[in-house]
Amino acid sequence: DSGVTQTPKHLITATGQRVTLRCSPRSGDLSVYWYQQSLDQGLQFLIQYYNGEERAKGNILERFSAQQFPDLHSELNLSSLELGDSALYFCASSLQSSGESQYFGPGTRLLVL
Amino acid sequence: AQTVTQSQPEMSVQEAETVTLSCTYDTSESDYYLFWYKQPPSRQMILVIRQEAYKQQNATENRFSVNFQKAAKSFSLKISDSQLGDAAMYFCAYRSLINQFYFGTGTSLTVIP
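Residues numbered from 1 in each chain as written. Chains lettered and ligands numbered in written order. Predicted model: local features only at pLDDT ≥ 70, side-chain atom pairs only at ≥ 80, totals over all residues. Heavy atoms only, no water.

Participant: Where do I start with the overall build of chain A in this structure?
Facilitator: Summing up its helical and strand segments, chain A has 0 helices and 11 strands in all. Tracing chain A from N to C terminus, the helices and strands come up as β-β-β-β-β-β-β-β-β-β-β. For 113 residues, the compact-globule formula gives about 13 Å, and the C-alpha radius of gyration of chain A, at 13 Å, lands near that figure. When the backbone C-alpha atoms are referred to their principal axes, chain A occupies close to 35 × 30 × 25 Å. For chain A, buried positions account for 53% of its 113 residues. For chain A, the accessible surface area stands at approximately 5200 Å², while carbon and sulfur atoms represent 48% of it. Taking the 8 positively charged and 11 negatively charged side chains of chain A as two groups, their mean positions are separated by 4 Å. (Helix = DSSP H or I, 4+ residues; strand = E, 2+ residues; numbered from the N terminus. Rg over C-alpha atoms; globule rule 2.2 N^0.38 Å. Buried < 20%, exposed > 50% of the residue type's maximum accessible area, 1.4 Å probe, protein only. Areas by Shrake-Rupley, 256 points an atom, 1.4 Å probe, with all protein chains shown as cover. Lys, Arg positive; Asp, Glu negative; His and termini not counted. Charge placed at Lys NZ, Arg CZ, Asp CG, Glu CD.)

Participant: Can you help me understand the sheet that holds strand E7 (residues 64–68) of chain A in this one?
Facilitator: Consider a sheet: its strands pair through backbone hydrogen bonds, and that pairing is either parallel or antiparallel. Residue and element names in this part refer to chain A. With antiparallel pairing, the 4 strands of this open sheet are ordered in space as E1-E3-E8-E7. Across the chains shown, the open sheet's two edge strands, defined by having one partner strand only, are strand E1 (5–7) and E7. Averaged over all adjacent pairs, the angle separating strand axes in this sheet is 15°, with direction ignored. Of the strand pairs in this sheet, E1 and strand E3 (residues 19–24) are connected by 3 bridges, and their pairing is antiparallel. Counterpart to Gln 6 in the pairing with E3 is Cys 23. (Pairing = 2+ DSSP bridges. Axes fitted to C-alpha atoms, helices over the stretch in contact; angles between N-to-C directions.)

Participant: Sorry if this is basic, but what is going on with the environment of Pro 8 of chain A here?
Facilitator: Counting through the fold element by element, Pro 8 of chain A comes out in the loop between E1 and strand E2 (10–13). Each residue touching Pro 8 of chain A, except ones within four places of it in the same chain, is listed here: Thr 20, Leu 21, Gly 107 and Thr 108 of chain A. (Contact = heavy atoms within 4.5 Å.)

Participant: I'm lost on the interface of chain B and chain A in this one. Help?
Facilitator: How big an interface is tends to be stated in terms of the accessible area lost upon association of its parts. In this assembly, 16 residues from chain B lie in contact with 24 residues from chain A. Overall, the association of chain B and chain A removes approximately 1700 Å² of surface from exposure, summing both partners, and the carbon and sulfur fraction of that is 49%. Broken down residue by residue, the surface that chain B buries against chain A is led by Arg 43, Asn 99 and Phe 101 of chain B, which jointly contribute 29%. Linking chain B to chain A there are 0 salt bridges. On inspection of chain B and its partner chain A, the count reaches 8 residue pairs in polar contact (both at pLDDT 80 or more). Looking at the side of chain B that touches chain A, the elements that each hand over two or more residues are strand E5 (32–39), strand E6 (46–52), strand E10 (88–96) and strand E11 (101–103) of chain B. Among the elements that take part in the side of chain B that touches chain A, E5 of chain B stands out by supplying 4 residues, more than any other. Per-class residue counts for the side of chain B that touches chain A are 9 nonpolar, 4 polar and 3 charged. (Buried area = accessible area lost by both parts, 1.4 Å probe. Salt bridge = Lys/Arg side-chain N within 4 Å of Asp/Glu carboxyl O. Polar contact = N/O pair within 3.5 Å; in protein donor to acceptor, adjacent residues only side chain to side chain. Nonpolar A, V, L, I, M, F, W, Y, C, P; charged D, E, K, R; others polar.)

Participant: Please explain the pattern of salt bridges as it appears in this structure.
Facilitator: If charged atoms from side chains of opposite charge come close, those side chains can pair. Residue and element names in this part refer to chain A. Within this structure, the stated rule accounts for 8 salt bridges over all chains. Between Lys 57 and Glu 54 there is a salt bridge, and its shortest N-O distance comes to 4.0 Å. With a relative accessible area of 42%, Glu 54 lands in the partly exposed category. Taking the shortest distance from any N to any O, the salt bridge between Arg 63 and Asp 85 comes out at 2.8 Å. Separated by 22 residues along the polypeptide, Arg 63 in the loop between strand E6 (53–57) and E7 and Asp 85 in the loop between strand E8 (74–78) and strand E9 (87–94) bring together distant segments of the chain. Pair check on accessibility: Arg 63 and Asp 85 agree, each one buried. What you see here is one network of salt bridges that share partners, running through Arg 63, Glu 82 and Asp 85.

Participant: I tried to follow the nonpolar core on my own but got confused; where do I start?
Facilitator: For soluble globular proteins, nonpolar side chains are generally found buried alongside one another. Counting residues in hydrophobic clusters, the biggest one holds 25 residues, and the most contacted among them are Tyr 25, Trp 36, Phe 75, Leu 77 and Tyr 90 of chain B. Going through the elements one at a time, strand E3 (19–21), E5, E6, strand E8 (64–69), strand E9 (74–79), E10 and strand E12 (107–112) of chain B are the ones with two or more residues in this core. With 4 residues, the top contributor of residues to this core is E10 of chain B. Counting residues in each nonpolar core, the second largest holds 20 residues, with Val 32, Leu 46, Leu 76 and Cys 91 of chain A among its members. (Core = buried A, V, L, I, M, F, W, Y, C linked by side-chain atoms within 4.5 Å.)

That is the geometry; function is a separate question.
So, in structure tokens, the structure goes:
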């Protein structure tokens, strides 16, 4: 158990809908990262937050957004969902903002029908 | 953009033997971080080992060690005394100093009893 929690574990929704994925980092960690793992595109970095501020942005679509709250939990919002958004979404956390190791949560499996 | 290449989609090793997984990367940066992650069938991403590019000494973690060749942009993972629990997908990852992450496509490791 990495100490990072993600909810829900599974999510099934329809195209065009909007969903919110939630992540709680390990106790004491200030950075949160979001990743998407799909069969055709592998593991892709989406975005990083550090102590409430956006720190780095990867291949995140405009339909997706994220935020980190004062209690350091983070939410990833996915809107206007498409079939291709079906994937495993991981959250990871680390103590600081750069260089050190990240610890991954168990992931949220999203299925868009 | 940086790219990470894992040229071995699948590898197998006899239990108790040694196996080496390959990873190469492309970058113009001089400072960065490299990681190996393990993803067992549970899909949990587990950090195996980490290497800072400015360190010449190869990182080791128990049975896991790396061969980091900075000039060749190579970062291979050696697993000694392979155990059944080592069976998993292994991902090589690159982290730039501006916190961009890039993952390879993974190597599926089978451990034969």
